[in-house]
Amino acid sequence: MERLRNITISTTLTCNEACAHCWVSAGPQPSDDLHADEIRSVLDQAAALGAEHVKLTGGEPFARSDLPALVAHAHGLGMRVSIETNGLLLRPRVLDALSRRGSSPHLFVSLDGAGPATHDAFRARKGAFERTVRNLARAREHGFYFSVHTVVRRQILHELVSLHELVRSLGASQHKLILTLHNLGRARASRGEAQVALRELLALLEQLPPQRFWDYGWDPAPSRDTRLMTTLPPALQPPDAAITTCGWSRSFLSILADGSVALCHGLYDIEEAIAGNVRTASLADIWERSTLFAETRRWSGAALSGVCGNCKVRDTCRGLCRASAIGEYRDLRAPYPMCQALYEQGLFPADMLVDADADSSYAAAA
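Residues numbered from 1 in each chain as written. Predicted model: local features only at pLDDT ≥ 70, side-chain atom pairs only at ≥ 80, totals over all residues. Heavy atoms only, no water.

Colleague: Account for the sheet that holds strand E5 (residues 146-151), naming residues and giving values.
Modeller: To summarise the sheet geometry, strands pair through backbone hydrogen bonds and adopt either a parallel or an antiparallel arrangement. The eleven strands lie next to each other as E7-E8-E6-E5-E4-E3-E2-E1-E9-E10-E11, forming an open sheet whose pairing is mixed. Edge positions in the open sheet fall to strand E7 (212-213) and strand E11 (274-277), since each of these has one partner strand only. Looking at chain direction, strand E1 (residues 6-10) and strand E9 (residues 252-255) are connected through four bridges and run parallel. Its bridge partner being in E9, Ile9 is matched across the sheet by Ile255. Sitting on the sheet, helix H1 (residues 36-48) touches E1, strand E2 (53-57) and E9, and the angle it makes with E1 is about 170°. Strands in contact with helix H5 (residues 128-141) are strand E4 (106-110) and E5; relative to E4, the strand with the most contacts, it is inclined by about 165°. (Pairing = 2+ DSSP bridges. Helix = DSSP H or I, 4+ residues; strand = E, 2+ residues; numbered from the N terminus. Contact = heavy atoms within 4.5 Å. Axes fitted to C-alpha atoms, helices over the stretch in contact; angles between N-to-C directions.)

So this is what it looks like as structure tokens:
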């Protein structure tokens, strides 16, 4: 049996922003969120299964007044904690409460533009940029370490360099560039106008400082020396780059805000990616006995379709992001969409194919 190492818990679907790219369509509407006792029980069960880390996400986790207490509970179990947030609610009293309750969690905060014009428009919240930047400086003053996430889209290509300089000046441990928008939630309607052509995207990355592959272990070194990272797939990484993935179904799972247990925390409306619900079954039963986890953790890389099934790093990469693949194709075995698009456009490196003569095309089921 594979050991569970990392989990994400979507603490709520309520959010104080309404971002154009939100893959779970979070917003001001109320949601059927797990109660504090239920989340504490999930944390207890995950720790018993060996989990070392929990990422608390949403919606906006800081919309919950009990978040510092939940962080303290996870720390008490010996778990490392990170929080994914838009940064708007990082007020001094919240930072003080987190600091008083034990080790400070690492914060993953979104900045989607180098100024208000692009960031605020994307996040549908006037004043969001100024508040987020101010609160990041405040978090640093309180001794917190944080990473910044940026969704790369056509509207901000001209300001990516200046945005990276801003992130460095704030003292982020990492600046993480998200290169694709998942075909999920509100992004289904907005991603067409935001996406960057692959050739243009690859050329852009050449103009930026050297990058590292995304840290799917969610364990950044506590540093003020910003490391630039991207979601560029392993097949396009330098040959000596370490390949890490989230470990979907083998060492990682997600608990959604309503208690559903899924391959990833963006897959609310993809029934085939949900294994059960902690409100009706134990986490151990779901992790160890559900059909979804039992079957998918046995898959080798060759079980994947399209170019992913013919890639030399298929057994370590395993199709990389299943949320992206399932959102795009509604198929658990589908290839990673960026890699498949690279293949179809003749941009996938031929020396990364197991059989360069094999047809690695992919057609999604109707």
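Here the narrative resumes, following the displayed structure.
Colleague: Kindly report on the state of the cysteines, identifying the contributing residues and their values.
Modeller: By definition, a disulfide links the sulfur atoms of two cysteine residues through a covalent bond. What the rule picks out here adds up to zero disulfides. Considering cysteine sulfurs only, Cys339 is the nearest to Cys308, which forms no disulfide, with 5.3 Å between them. Unpaired in this structure, Cys317 has its nearest cysteine sulfur neighbour in Cys308, at a distance of 6.2 Å. Accessibility expressed as a relative area gives 9% for Cys317, which makes it buried. (Disulfide = S-S within 2.5 Å. Buried < 20%, exposed > 50% of the residue type's maximum accessible area, 1.4 Å probe, protein only.)

Colleague: Provide a residue-level description of the pattern of salt bridges, including the pertinent values.
Modeller: Tallying each qualifying case throughout the model produces 16 salt bridges. Residue Glu165 is joined to Arg168 by a salt bridge in which the shortest nitrogen-to-oxygen separation is 3.6 Å. Placement of both Glu165 and Arg168 in helix H6 (residues 160-170) is noted, with a separation of three residues, approximately one turn of the helix. Judged by relative accessible area, Glu165 falls into the partly exposed class, the value being 42%. In this structure, the salt-bridge partner of Arg191 is Glu328, at a minimum N-O distance of 2.7 Å. Of this pair, Arg191 sits in helix H7 (residues 187-194) while Glu328 sits in helix H12 (residues 322-329), and the two are 137 residues apart along the sequence. (Salt bridge = Lys/Arg side-chain N within 4 Å of Asp/Glu carboxyl O.)

Colleague: Any details on the pairing of strand E8 (residues 227-230)? Residues and values, ideally.
Modeller: Every other side chain in a regular strand lies on the same face of the sheet, so the side chains alternate between the two faces. Both strand E6 (residues 174-178) and E8 contribute to a ladder of four bridges, which runs parallel. Bridging from a neighbouring strand, Lys176 pairs with Met229 of E8. One ladder, built from two bridges, connects E7 with E8; its direction is parallel. Among the inter-strand pairings, Arg212 is bridged to a residue of E8, identified as Met229.

Colleague: Quick rundown of the environment of Gly27? Include the residues and the values.
Modeller: Within the secondary structure, Gly27 sits in the loop between E1 and H1. Setting aside residues no more than four positions away along its own chain, Gly27 makes contact with Leu13, Thr14, Cys15 and Glu17.

Colleague: Outline H6, listing residues and values.
Modeller: Each α-helix winds once per 3.6 residues, and so residues spaced three or four apart point in a common direction. If you check which residues of H6 are buried, you get Leu160, Leu163, His164, Val167 and Leu170. The arc that holds the buried residues of H6, viewed along the axis, is 120°, so those residues lie on one side. Two residues or fewer past H6, Gly171 is found with a positive phi of approximately 85°. (Arc of directions from axis to C-beta.)

Colleague: Which residues make up unusual backbone geometry, and what are the values?
Modeller: Each neighbour pair has its own omega, and for Gly58 with Gly59 the value is 15°, a cis peptide bond. If you check the backbone angles, Ser25 has positive phi at about 55° while not being a glycine. The topology assignment puts Ser25 in the loop between E1 and H1. With relative accessibility at 29%, the residue Ser25 sits in the partly exposed group. One non-glycine residue, Trp218, lies in the positive phi region at around 50°.

Colleague: Residues and numbers for the packing of helix H8 (residues 198-207) against helix H13 (residues 337-344), please.
Modeller: To characterise two packed helices, one gives the angle between the axes of the helices and the distance between these axes. H13 packs onto H8 with a crossing angle of 110° between their chain directions and a minimal axis gap of 11 Å. Put simply, H8 runs roughly perpendicular to H13. Between H8 and H13, the contacting residues are Leu198, Leu201 and Leu202 on the first element and Met338, Ala341 and Leu342 on the second. When grouped by side-chain class, the residues that make up the contact of H8 with H13 number six nonpolar, no polar and no charged. (Parallel < 35°, antiparallel > 145°, perpendicular 65-115°, else oblique. Nonpolar A, V, L, I, M, F, W, Y, C, P; charged D, E, K, R; others polar.)

Colleague: Which residues make up the pairing of E4, and what values go with them?
Modeller: Buried residues dominate E4, accounting for five of its five residues. With burial as the criterion, each face of E4 is covered, one bearing His106, Phe108 and Ser110 and the other bearing Leu107 and Val109. Here strand E3 (residues 80-85) runs beside E4; their pairing, made up of four bridges, is parallel. Looking across to E4, one finds that Thr85 is bridged to Val109. Of the strand pairs in this sheet, E4 and E5 are connected by four bridges, and their pairing is parallel. Opposite Leu107, over in E5, you have Phe146 as the bridge partner.

Colleague: Describe in detail the environment of Gln195, supporting the description with residues and values.
Modeller: Checked against the element boundaries, Gln195 lands in the loop between H7 and H8. With a relative accessible area of 35%, Gln195 lands in the partly exposed category. Measuring from C-alpha to C-alpha, the distance between Gln195 and Pro28 comes to 26 Å, with 167 residues separating the pair along the chain. For Gln195, the contacting residues outside a window of four places in its chain are Arg154 and Leu181.

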